[in-house]
Amino acid sequence: MNLNLSQIRDITTGAVRIEEIDNGIHFYRFTQQQEELYKNRSDDFYRKTFATSGVQMRFQTNSQTLFLRTEITSGSNRTYFAFNVFVNGVKIDALDNFSDIDMPKNYTTLKLPHGEFSKKFNLGVGDKEVCIYFPWSVGAVVKELTLDDDSFIKSRKPSKKMLCFGDSITQGYDALHPCNKYISKLANMLNAEEYNKAIGGEVFFPALAATKEDFEPDYITVAYGTNDWNECSKEELTHNCKDFLCNLSNNYPNAKIFVITPIWRKDMNESRLFGDFKSVGEIIQKQTAAFSNISVIQGFEFVPQNEDLFADLRLHPNDEGFEYYFENLAKQLKI
């Protein structure tokens, strides 16, 4: 049974639209209005809007097998990717382009192939719940998704929705497996769909927060600041952060909004026009004070200051580093 567009739309979470184009099903995490904002911003940011970060398929079935054929396109400056397949909450397998090579300690600069990939997964016997995590690092077009001919399929979407804003770390850099992103772990904890609006290299961008989704999120996370330190002045950060949060609060007055300040980075003591890196968190903290539905969480110590927990040895957590990030974030989150 090859799933059609209607069936795939029914079981997909984290995509604001799904379209069938040239014999492939495309998944979009940004609205067309938001894509246009980034198209006018830079080619690099626009390319990253087509990464499938946060997209999942969640369903119940009695099928014993699942076959996935996909076409991979660029969605970041990382070339590795993975789909993760879970059955009843346990990861059973993955489709990726790196499991057959010896991965170096810093794998972020690897040049790995894109194109068409496929794999058959053994799901086991009986009724089960299946979750497929899509890659955060690339665009993934589904060319074929097949279950056993005599099987059933039923959507099992989470009960809540979480809108996620941020930079590269929230997009997923540099988890090898998308299920290990801190934001995906948080969404699972909250039983929420992850609508991921993060873009690698991004700063507080008020125009993005001014756009409105066609759904009402229960939770919103905001995690910028590390690129603002690299690229902005304190005045620019203050202004952009205030306007971003004002737009969010006005659009979603009933959502619980959590602002996470930047984690440690190895080069934090280098000189920048901005000044002291730790003052980023202080400025963000001050800007949240005026909003009753916004809480700030200081993230500096979420990941220990150990380069072995960072894929690039300085800034972007690896899978182990993201586990620290999530566990420490979960301890501070007040729902």
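The structure displayed is predicted, hence computed values, not measured ones. (Residues numbered from 1 in each chain as written. Predicted model: local features only at pLDDT ≥ 70, side-chain atom pairs only at ≥ 80, totals over all residues. Heavy atoms only, no water.)

A.B. asks: Looking at this structure, I do not really get the pattern of salt bridges. What am I missing?
C.D. replies: Summed over all chains, the structure comprises 22 salt bridges. When the shortest N-O distance is used, the salt bridge between D93 and K119 registers 2.9 Å. Here K119 lies in strand β8 (residues 115-122) and D93 lies in strand β7 (residues 90-96), a separation of 26 residues in the sequence. Take D93: its relative accessible area is 30%, and that puts it in the partly exposed class. One salt bridge connects K161 with E193, and the closest N-O pair in it is separated by 2.9 Å. Linking K161 in strand β12 (residues 160-166) with E193 in strand β13 (residues 192-196), this pair joins segments that are 32 residues apart in sequence. (Salt bridge = Lys/Arg side-chain N within 4 Å of Asp/Glu carboxyl O. Helix = DSSP H or I, 4+ residues; strand = E, 2+ residues; numbered from the N terminus. Buried < 20%, exposed > 50% of the residue type's maximum accessible area, 1.4 Å probe, protein only.)

A.B. asks: Before we go on, may I ask you to explain the sheet that holds strand β16 (residues 294-297) in this structure?
C.D. replies: Within a sheet, adjacent strands bond to each other through the backbone by hydrogen bonds, running parallel or antiparallel. The sheet built from five strands is open, its strands ordered β13-β12-β14-β15-β16 with parallel pairing. The sheet is open, and its two borders are formed by β13 and β16, each paired with just one other strand. Between one strand and the next, the sheet's axes are offset by a mean angle of 20°, whatever the strand orientation. This element, helix α9 (residues 279-288), spans β15 (256-260) and β16 of the sheet and lies at about 165° to β16. (Pairing = 2+ DSSP bridges. Axes fitted to C-alpha atoms, helices over the stretch in contact; angles between N-to-C directions. Contact = heavy atoms within 4.5 Å.)

A.B. asks: How should I be thinking about helix α10 (residues 319-332) in this particular structure?
C.D. replies: Owing to its 3.6 residues per turn, the α-helix aligns residues three or four sequence positions apart on the same side. For α10, with 14 residues, the first-to-last C-alpha span of 20 Å sits near the 20 Å given by 1.5 Å per residue. For α10, the full list of buried residues reads D319, G321, F322, Y325, F326 and L329. Each buried residue of α10 lies within a common arc of 145° when the element is viewed along its axis, so the set occupies one face. Its buried side turned inward, α10 meets α4 (168-171), α5 (182-189), β15 and β16. For α10, the side-chain oxygen to backbone nitrogen distance between the N-cap and E320 is 3.2 Å, and the N-cap itself is N318. (Expected span 1.5 Å × (residues − 1). Arc of directions from axis to C-beta. Polar contact = N/O pair within 3.5 Å; in protein donor to acceptor, adjacent residues only side chain to side chain.)

A.B. asks: When you look at unusual backbone geometry in this model, what are you seeing that I'm missing?
C.D. replies: One can expect most non-glycine residues to show negative phi and most peptide bonds to be in trans. Geometrically, the link from Y173 to D174 is a cis peptide bond, its omega value of 5° lying close to zero. In this structure, D174 sits in the loop between α4 and α5. The phi angle at N191 is positive, at roughly 50°, despite the residue not being glycine. Of note, N191 is situated in the loop between α5 and β13. For N191, a relative accessible area of 40% corresponds to the partly exposed category. Unusually for a residue other than glycine, L313 sits at a positive phi of about 70°.

A.B. asks: What is the right way to read the side chain of S76 from this model?
C.D. replies: Within the fold, S76 resides in the loop between β5 (65-74) and β6 (82-87). We classify S76 as buried; its relative accessible area is 3%. A distance of 2.8 Å separates a polar side-chain atom of S76 from the backbone oxygen of S137.

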